[in-house]
Amino acid sequence: MTTVARLSFTYRYEPGSETGRPPLLLLHGTGGDENDLISLGHLIAPGSTLLSPRGKVLEGGMPRFFRRLAEGVFDEDDVRRRANELADFVGEAREAYGLAAPIAVGFSNGANIAAATLLLRPEALAGAVLLRAMVPLSQPAATNLHGKPILVLSGAMDPMVPATNAERLVSLYKTAGADVQHRILPAGHELSQADIALAKTWLAQQ
Ligand code: MLT
C-alpha cells in the first residue's frame, strides 16, 4: 500500500493477514520516513498490520518526531506536544481501520518518541520495542505502566546512547510497573541481526 495523508500524519498502512496479532506502530529514525521500517515490520511480525507515520518535524530537511537542541539534547516541550500528537494519531487510525492498540516499534528518534508516549499517554500503546532509545524527558511525571510489555534493545558500543541513560529509562519503566526486558547487544547505534531475532521472538509472545 502507498503513502496516504488522510489522517493527522502522513503514513503508510498495511493491513495484516493475521487478525489476532497486535498491529505495529513503526517509528523511523532521523532522516527516515514512513517507508523505512516496513520491511523490518514484515520481518519481525509476519502477518501483522503495520501503521507507519512520518515524523512531522524537519531538521535540515530530515523528518523527525520532535525537535532537538543538539544531539541527545531534546526540546522537552516539543517532546510532550509531539508525543500527544502521535497518541492522537494512533486513536484516529484505530477508529478509521478498526484496530486494537498497537505495539510501537521505534528506532533511534522513533524509539525516543515511543519512549515518551509510553510515559505521557500509556493508553495509546499496547507495548513497545525500543531500539537504541534514550530517556526522553528529564522529569517525567509518575505514570502507571502496570504489566505493559516493553523490550529495550541497546548497543554496547552505541556512541549516541550512554549505557547509564538506557538503564535509567529501563528503571523508569520498572518503577511504573511495566514488564520490561532489556538486552545490551554487541552493536553500535545501527541495528544488527540480533535486534531482528530478539524483536521477532519477543513479538511472537505478545
Ligand atoms: C534523537 O534525537 O532522538 C536521538 O539523538 C537519536 C537521533 O535521532 O539521532
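Residues numbered from 1 in each chain as written. Predicted model: local features only at pLDDT ≥ 70, side-chain atom pairs only at ≥ 80, totals over all residues. Heavy atoms only, no water.

A.B. asks: Residue-level account of the site of the ligand, with values.
C.D. replies: The environment of the ligand is formed by Thr30, Arg64, Phe66, Arg68, Gly72, Phe74, Ser108, Asn109, Asn112 and Met160. Arg64 is positioned with one of its side-chain polar atoms (N or O) 2.8 Å from an oxygen atom of the ligand. Between the ligand and the protein, one listed contact pairs an oxygen atom with a side-chain N or O atom of Asn109 at 2.9 Å. For the ligand, whose free accessible area comes to 260 Å², the fraction covered by protein is 95%. The class makeup of the residues in the shell around the ligand is three nonpolar, five polar and two charged. (Near = heavy atom within 4 Å. Polar contact = N/O pair within 3.5 Å; in protein donor to acceptor, adjacent residues only side chain to side chain. Areas by Shrake-Rupley, 256 points an atom, 1.4 Å probe, with all protein chains shown as cover. Nonpolar A, V, L, I, M, F, W, Y, C, P; charged D, E, K, R; others polar.)

A.B. asks: A description of the side chain of Asp195 should follow, citing residues and the corresponding values.
C.D. replies: With respect to the helices and strands, Asp195 occurs in helix α5 (residues 193-204). Filtering out sequence-adjacent residues up to four positions away, Asp195 remains in contact with Leu131, Arg132, Leu153 and Leu185. (Helix = DSSP H or I, 4+ residues; strand = E, 2+ residues; numbered from the N terminus. Contact = heavy atoms within 4.5 Å.)

A.B. asks: I'd like a rundown of the environment of Leu40, residues and numbers included.
C.D. replies: With respect to the helices, strands and loops of the structure, Leu40 is situated in helix α1 (residues 38-44). Considered as a pair, Leu40 and Leu50 are ten residues apart in the sequence and their alpha carbons are 10 Å apart. Filtering out sequence-adjacent residues up to four positions away, Leu40 remains in contact with Val105, Leu131, Leu191 and Ile196.

A.B. asks: Pulling in residues and values, what's your account of the packing of aromatic side chains?
C.D. replies: For the coordinates displayed, the defined rule picks out five aromatic pairs. Each ring, one from Phe9 and one from Phe89, has its centre 5.1 Å from the other, and the planes form 45°; the classification is tilted. Note that Phe9 is positioned in the segment before β1 (11-14) and Phe89 in helix α2 (residues 76-97), a separation of 80 residues in sequence. You can call Phe9 buried: its relative accessible area is 5%. Phe89 gets classed as buried once you look at its relative accessible area, which sits at 0%. By the ring-pair criterion, three or more aromatic residues cluster together here, those being Phe9, Tyr11, Tyr13, Phe89 and Tyr97. Positioned over the ring face of Phe9 is Lys56, at 4.4 Å from the centre of the ring. (Phe/Tyr/Trp six-rings, centres within 6.5 Å; stacked < 30°, edge-to-face > 60°. Buried < 20%, exposed > 50% of the residue type's maximum accessible area, 1.4 Å probe, protein only. Lys NZ or Arg CZ within 6 Å of the ring centre and 35° of its normal.)

A.B. asks: Would you mind going over empty space enclosed by the protein in detail, with residue names and values included?
C.D. replies: One way to see where empty space is left: roll a probe the size of a water molecule over the atoms. Considering all chains together, one arrives at one cavity of 30 Å³ or more under this definition. Here the largest cavity defines a volume of roughly 30 Å³. Elements supplying a minimum of two residues to the lining of the largest cavity: α1 and α5. For the lining of the largest cavity, the class distribution of residues is five nonpolar, no polar and one charged. (1 Å grid on protein atoms, 1.4 Å probe; cavity = no way out; pocket = protein on both sides within 12 Å on 5 of 7 lines; lining within 4 Å. Points joined across faces, edges and corners; volume = space filled by probe spheres on them.)

A.B. asks: Requested: an account of the side chain of Ser52, with residues and values cited.
C.D. replies: Of note, Ser52 is situated in strand β3 (residues 50-53). For Ser52, a relative accessible area of 2% gives the class buried. Looking at Ser52, its side chain comes within polar contact range of the main-chain oxygen of Glu34, at 2.8 Å. Sequence-distant contacts of Ser52, defined by excluding residues within four places in its chain, comprise Thr10, Tyr11, Arg12, Leu26, Glu34 and Ile38.

A.B. asks: Go over the sheet that holds strand β11 (residues 179-185), please, and point to the residues and values.
C.D. replies: Taken in spatial order, the seven strands of this open sheet run β1-β3-β2-β8-β9-β10-β11, and their pairing is mixed. The sheet is open, and its two edges are formed by β1 and β11, each paired on a single side. Shown here is a sheet whose adjacent strand axes are inclined to one another by a mean of 15°, direction ignored. As judged from the five bridges shared by strand β8 (residues 103-107) and strand β9 (residues 127-131), these two strands associate in the parallel manner. Each bridged residue has a counterpart across the sheet, and for Val105 the counterpart in β9 is Val129. (Pairing = 2+ DSSP bridges. Axes fitted to C-alpha atoms, helices over the stretch in contact; angles between N-to-C directions.)

A.B. asks: Give me the pattern of salt bridges: which residues, what numbers.
C.D. replies: The full count for this structure, using the stated rule, is eleven salt bridges. In this structure, Glu34 and Arg54 form a salt bridge, with 2.8 Å as the shortest nitrogen-oxygen distance. You can see Glu34 sitting in the loop between β2 (24-27) and α1 and its partner Arg54 sitting in the loop between β3 and β4 (57-59), a full 20 residues away along the chain. The class of Glu34 is buried, set by a relative accessible area of 2%. (Salt bridge = Lys/Arg side-chain N within 4 Å of Asp/Glu carboxyl O.)

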